[in-house]
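Structural overview
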Amino acid sequence: MEIWLRDRALQTPTRHYARSMTTWVLLAGPPATGKSTLAGALEKRLDATTLNKDRVREVLFPGRMTDYTPEQDDLCTRAMLDAAAYLTTRQRVAFILFDGRSFARRRQVEEVLQAAESAGAGWRILSLSCADEVVRERLDRANPEYQAHPARNRNMDLYRRVKQSFEPILHPKLDVDTTKGVETVLNAVMGYLMHGAG
């Protein structure tokens, strides 16, 4: 299935990136690499909506019911996939941004891409990274960005663990370095999403 999806993306780009179809966008990368910030910036500039795993978890598992287990993460992701399929079949939006998950495991990427195929959606992958010192600043508890984020388990230890165990993404993607801020990469990202320029 992995090879089939990769070949589909490489051989039929017009199908995946046609303007008339909904495109699912995976924002992949370790914590604090700018996924949510980039999603917010894209929402302001595109016909897009964001499905954020951490926000979904807040609703499904409020307060002390949040445990940040892989099982809870998977359940929240399945809810996001159902919502994305609903929006796609009704052509409610041009882009659906998947935020709040690192997509550090290949199976997590495959799950979304297969669901996109089933829903008749195209897909794009943004692979985010940034310098470690910038991540440390973003994870400073005094930083307003840290305080506003719904996931309370983010810290440098989690960042290092995810980064070190991150499995390579084998599908076409755009590598996005947010070290200097998401505003410096917005034009490249939008060009990739709209026209397939990588």
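Refer to the preceding data block for the structure.
Thresholds, definitions, all that
- Residues numbered from 1 in each chain as written.
- Predicted model: local features only at pLDDT ≥ 70, side-chain atom pairs only at ≥ 80, totals over all residues.
- Heavy atoms only, no water.
- Helix = DSSP H or I, 4+ residues; strand = E, 2+ residues; numbered from the N terminus.
- Contact = heavy atoms within 4.5 Å.
- Polar contact = N/O pair within 3.5 Å; in protein donor to acceptor, adjacent residues only side chain to side chain.
- Salt bridge = Lys/Arg side-chain N within 4 Å of Asp/Glu carboxyl O.
- Buried < 20%, exposed > 50% of the residue type's maximum accessible area, 1.4 Å probe, protein only.
- Arc of directions from axis to C-beta.
- Patch = residues over 30% accessible without salt bridge, like charges linked within 9 Å, V, L, I, M, F, W, Y side chains within 5 Å.
- Areas by Shrake-Rupley, 256 points an atom, 1.4 Å probe, with all protein chains shown as cover.
- Pairing = 2+ DSSP bridges.

As for the environment of T77
Among the secondary structure elements, T77 is positioned in helix 5 (residues 70-89). Put simply, T77 and D54 are 23 residues apart on the chain and 9.7 Å apart in space, counted from C-alpha to C-alpha. Ignoring sequence-local partners within four residues, the contact set of T77 consists of K53, R101 and E111.

Considerations on the environment of S102
Tracing the sequence through the fold places S102 in the loop between strand 3 (95-99) and helix 6 (106-119). On a C-alpha basis, the gap between S102 and L27 in space is 7.5 Å, while along the polypeptide they are 75 residues apart. Setting aside its immediate chain neighbours within four residues, S102 contacts A28, G29, K35, V162 and F166. Within the structure, the side chain of S102 is placed 3.3 Å from the backbone nitrogen of A104, a separation counted as a polar contact.

Focus on the side chain of D99
Positionally, D99 belongs in strand 3. Polar side-chain contacts of D99 include one of 2.9 Å to the side chain of N52. What D99 contacts, discounting residues up to four positions off in sequence, is K35, S36, A39, T50, L51, N52, K53 and M80.

Structural notes on the pattern of salt bridges
Per the counting criterion, the structure on display carries ten salt bridges. The partner of E58 in a salt bridge is R55, with the nearest N and O atoms 3.2 Å apart. Here the residue E58 and the residue R55 both occupy positions in helix 4 (residues 53-60), the gap between them amounting to three residues, near one helical turn. Overall, the relative accessible area of 38% leaves E58 in the partly exposed class. On the basis of relative accessibility, which here comes to 42%, the residue R55 falls in the partly exposed class. Through salt bridges that share partners, K53, D54, R57 and D73 make up one connected network.

Focus: helix 9 (residues 156-165)
Of the positions making up helix 9, those classed as buried are M156, L158, Y159 and V162. Buried residues of helix 9, viewed axially, fall in a sector of 160°; they line one side. Facing away from the buried side of helix 9, by more than 90 degrees, are the exposed residues R161 and Q164. For helix 9, the N-terminal capping position is held by N155, with its side-chain oxygen 3.1 Å away from the main-chain nitrogen of D157.

Digging into a nonpolar patch on the surface
Among the surface-exposed residues, V59, L60 and L75 lie close enough to one another that they form a single nonpolar patch of about 260 Å² accessible area. Mapped onto the elements of the fold, L75 is located in helix 5.

Overview of the pairing of strand 1 (residues 23-28)
Taking burial as the measure, the six residues of strand 1 include six buried ones, the bulk of the element. Burial along strand 1 is two-sided: T23, V25 and L27 and W24, L26 and A28, pointing in opposite directions, are all buried. As defined by bridge partners, strand 1 adjoins strand 3 across four bridges and the pair is classed as parallel. Directly across from V25, in strand 3, lies its bridge partner L97. Here six bridges tie strand 1 to strand 4 (residues 122-129), and the two strands are oriented parallel to one another. Residue pairing in the sheet places V25 in a bridge with R124 of strand 4.

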